[in-house]
Amino acid sequence: MLSNRVVTAHPIVTQLRLGRNHPPRFSWSFQSTFSSSFSSPLRCFDLGALPSCQRHLILVSETSQHPARAPFYRRRRRQAAHLTSAQRSLSTAEPRATCHVLSALSSGPLPYEVGWAHQHVLLHRRLRSLRQSPEALAAAAHDDDRDWLLLFEHQPVYTLGRGASERHLPFLSRRPDGGADALRRLDRRYRGPDASRLDVDLARRHVSSSLTPAHDDAHAAHVRALLSGTPASPVRTPSAAPVYRVERGGEVTYHGPGQLVVYPLLRLTRSPPYRRDLHWYLRRVEEVVVRTLGEFGVASRKDDEHTGVWVGDEKIAAVGVSSSRWITTHGFAINVDLDLEGFDRDVIVPCGIEDRGVTSLRRVLVEEGTKKERRGCGDGAVACPTVEEVGEVVVRCFGEVFGVDMVREEEILL
């Protein structure tokens, strides 16, 4: 009888109580049981010997000889599997990412070309390593695929971003020829031998043609080779400071002694800790500067309209970045104890922003000390940190913001 014999087939899974006082939980069509679409053979089980309250539909196929459990037990089994997977992922989690710190601050202010060359030697080494096969990459020097944070202080120099406008250099219009020759040499499309630019394509050719296993001597040799191809006679300001067009984003800016310049070289495709998002990266860089200045008691802010970090309406740190295959170059500059005459409006329009000014950490601290003295809260004495001291705080804040361990390398001695 049907009440004592039940026929079912794989893969239908259900539960059915057969007693008179236990109506079926789920509807069931016994006609479908005999459909020829099922690939598993049918099995029959005699349930007549069981009490009516214990009669259950049992599913057995050729691939499984165990009764199907009730949905409740299946849920518990899935939960247990999920917890096991989570515990397994924790046990196999990758170690925390590292970023290596290379500082040239002990050498004092260096030509801008030196910092630019160091960036591109490291960048093109890394690009070459990422193009290799996994086997060749495993055999190559591990140093090539590293994240770096370079710290520099530069001699006076003006740089224009790749799309910056030459009209933000007003001193050119006062030249005898109206600045026509300088404008030609600084034009973003001009690639002649007298172009006043640091050429990333030239850097790629120099480095790619002479790459050897990574070590200090080879790195220094590549930097020197790259410097040999930089412009011998760039456009110069009335103070004789060179003017270069470079591949970073942003408008014209000034670098000089007393300013900390930081170049992060990060592979943003490495997630975690990074994201493949330049807007996210810019905001993180600005956060590093805000936290750094906060360590010295200076309240600064980001701006929704302009990049960089601001104290009031004056910029204290400029940000201009570039990337190649999601590896970042260039970075940010914090005005620590910089002579602000370099931002003279007769020479440049800083960052192309005409209605805002520029400040430095020293100026802000002096103003804060003067305010305290007027309120009778101090004697007005100001102890401005050095570029090296600010660099130490930047390294620590950088690790906190980006979630990486900072590893110090030997300083660059030039």
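Above: the structure in question.
I will try to describe carefully the structure that is included in this document. (Residues numbered from 1 in each chain as written. Predicted model: local features only at pLDDT ≥ 70, side-chain atom pairs only at ≥ 80, totals over all residues. Heavy atoms only, no water.)

1. What to know about helix H7 (residues 278-295)
Part 1 of the reasoning: With 18 residues, H7 extends 26 Å from end C-alpha to end C-alpha; this agrees with the ideal 26 Å at 1.5 Å per step.
Part 2 of the reasoning: Residues Trp280, Tyr281, Leu282, Val285, Glu286, Glu287, Val288, Val289, Val290, Thr292 and Leu293 constitute the buried set of H7.
Part 3 of the reasoning: Of the residues trailing H7, Gly297 is marked for its positive phi of about 80°. (Helix = DSSP H or I, 4+ residues; strand = E, 2+ residues; numbered from the N terminus. Expected span 1.5 Å × (residues − 1). Buried < 20%, exposed > 50% of the residue type's maximum accessible area, 1.4 Å probe, protein only.)

2. As for the sheet that holds strand S5 (residues 157-160)
Part 1 of the reasoning: Strand order in the open sheet formed by four strands is S6-S7-S5-S8, and the pairing between neighbours is mixed. The open sheet has two edge strands, strand S6 (235-236) and strand S8 (253-255), and neither has a second partner.
Part 2 of the reasoning: Relative to S8, S5 is paired through three bridges, and the arrangement is antiparallel. Looking across to S8, one finds that Tyr158 is bridged to Tyr254. (Pairing = 2+ DSSP bridges.)

3. Points about the pattern of salt bridges
Part 1 of the reasoning: This structure, assessed with the given rule, holds 23 salt bridges.
Part 2 of the reasoning: Arg245 is the partner of Glu166 in a salt bridge, and the nearest nitrogen-oxygen pair spans 2.9 Å. Residue Glu166 is found in the loop between S5 and helix H4 (180-186), and its partner Arg245 is found in strand S7 (residues 242-245); the two are separated by 79 residues along the sequence.
Part 3 of the reasoning: One salt-bridge network, held together by shared partners, links Glu287, Arg291, Glu295, Lys302, Arg396 and Glu400. (Salt bridge = Lys/Arg side-chain N within 4 Å of Asp/Glu carboxyl O.)

4. Things to note about the nonpolar core
Part 1 of the reasoning: Formed by 43 residues in total, the largest nonpolar core has its most connected members in Leu260, Phe332, Ile334 and Phe402.
Part 2 of the reasoning: For this core, the element with the most residues is helix H9 (residues 387-402), which contributes nine residues.
Part 3 of the reasoning: The residues contacting Phe402, other than those within four sequence positions of it, are Leu266, Pro273, Tyr274, Trp280, Tyr281, Arg284, Val285 and Val288.
Part 4 of the reasoning: Membership of the second largest hydrophobic core comes to 26 residues, among which are Tyr112, Leu127, Phe152 and Val246. (Core = buried A, V, L, I, M, F, W, Y, C linked by side-chain atoms within 4.5 Å. Contact = heavy atoms within 4.5 Å.)

5. Re the environment of Asp303
Part 1 of the reasoning: With respect to the helices, strands and loops of the structure, Asp303 is situated in the loop between strand S10 (301-302) and strand S11 (309-311).
Part 2 of the reasoning: The sequence separation of Asp303 and Glu286 amounts to 17 residues, and the corresponding C-alpha distance is 9.7 Å.
Part 3 of the reasoning: Beyond its immediate stretch of four places on either side in the chain, Asp303 contacts Gly308, Trp310 and Arg356.
Part 4 of the reasoning: Side-chain polar atoms of Asp303 contact the side chain of Arg301, separated by 3.0 Å.
Part 5 of the reasoning: At a separation of 2.8 Å, a polar atom in the side chain of Asp303 contacts the main-chain amide nitrogen of Glu305. (Polar contact = N/O pair within 3.5 Å; in protein donor to acceptor, adjacent residues only side chain to side chain.)

6. Re the pairing of S7
Part 1 of the reasoning: Of the two faces of S7, both are covered, the one formed by Pro242 and Tyr244 as well as the one formed by Val243 and Arg245.
Part 2 of the reasoning: Judged from the three bridges that link them, S5 and S7 form a sheet pairing that is parallel. Bridging from a neighbouring strand, Thr159 pairs with Tyr244 of S7.
Part 3 of the reasoning: The sheet contact formed by S6 and S7 spans two bridges and is antiparallel. Residue pairing across strands places Val235 opposite Val243, the latter belonging to S7.
Part 4 of the reasoning: Two successive antiparallel strands, S6 and S7, enclose a turn made up of five residues, where Ala240 displays a positive phi of approximately 75°.

7. Considering the side chain of Gln259
Part 1 of the reasoning: Here Gln259 lies in strand S9 (residues 259-265).
Part 2 of the reasoning: Accessibility expressed as a relative area gives 2% for Gln259, which makes it buried.
Part 3 of the reasoning: Polar contacts involving the side chain of Gln259 include one to the side chain of His255, which spans 2.7 Å.
Part 4 of the reasoning: A distance of 2.8 Å separates a polar atom in the side chain of Gln259 from a polar atom in the side chain of Asn335.
Part 5 of the reasoning: Excluding residues within four positions of it along the chain, Gln259 makes contact with Phe152, Glu153, Tyr254, Ala333, Ile334, Asn335, Val336, Leu338 and Val387.

8. Description of the packing of aromatic side chains
Part 1 of the reasoning: Applying the stated criterion across every chain yields a total of seven aromatic pairs.
Part 2 of the reasoning: Ring centres of Tyr281 and Phe402 lie 6.1 Å apart, and the angle between their planes is 50°; this geometry places the pair in the tilted category. Within this pair, whereas Tyr281 is found in helix H7, its partner Phe402 is found in helix H9, the two being separated by 121 residues in sequence. Just as Tyr281 is buried, Phe402 falls in that class too.
Part 3 of the reasoning: Among the aromatic residues, those joined into a cluster by ring pairs are Tyr274, Trp280, Tyr281, Phe398 and Phe402.
Part 4 of the reasoning: Looking at Arg356, its charged tip hangs above the ring of Trp310, at a distance of 4.6 Å from the centre. (Phe/Tyr/Trp six-rings, centres within 6.5 Å; stacked < 30°, edge-to-face > 60°. Lys NZ or Arg CZ within 6 Å of the ring centre and 35° of its normal.)

9. Some thoughts on the environment of Leu361
Part 1 of the reasoning: Checked against the element boundaries, Leu361 lands in helix H8 (residues 361-374).
Part 2 of the reasoning: Considering only alpha carbons, one finds Leu361 and Leu338, 23 residues apart in sequence, at a separation of 8.5 Å.
Part 3 of the reasoning: Excluding residues within four positions of it along the chain, Leu361 makes contact with Leu293, Phe296, Val298, Ile316, Asn335, Val336, Pro385 and Val390.

10. Some points on H9
Part 1 of the reasoning: Helix length check: H9 (16 residues) gives 22 Å between terminal C-alpha atoms against 22 Å at 1.5 Å per residue, within 8%.
Part 2 of the reasoning: Listed in full, the buried residues belonging to H9 are Val387, Val390, Gly391, Val393, Val394, Val395, Cys397, Phe398, Gly399, Val401 and Phe402.

11. Some details on the layout of surface pockets
Part 1 of the reasoning: Of the voids in this model, the second largest pocket is the one considered here, and its volume is about 290 Å³.
Part 2 of the reasoning: In this structure, the second largest pocket is lined by 21 residues; those nearest its centre are Arg248, Gly250, Ala318, Val319 and Gly320.
Part 3 of the reasoning: Those elements giving two or more residues to the lining of the second largest pocket turn out to be S8, S9, strand S12 (314-324) and strand S13 (327-335).
Part 4 of the reasoning: Within the lining of the second largest pocket, the residues separate by chemical class into nine nonpolar, nine polar and three charged. (1 Å grid on protein atoms, 1.4 Å probe; cavity = no way out; pocket = protein on both sides within 12 Å on 5 of 7 lines; lining within 4 Å. Points joined across faces, edges and corners; volume = space filled by probe spheres on them. Nonpolar A, V, L, I, M, F, W, Y, C, P; charged D, E, K, R; others polar.)

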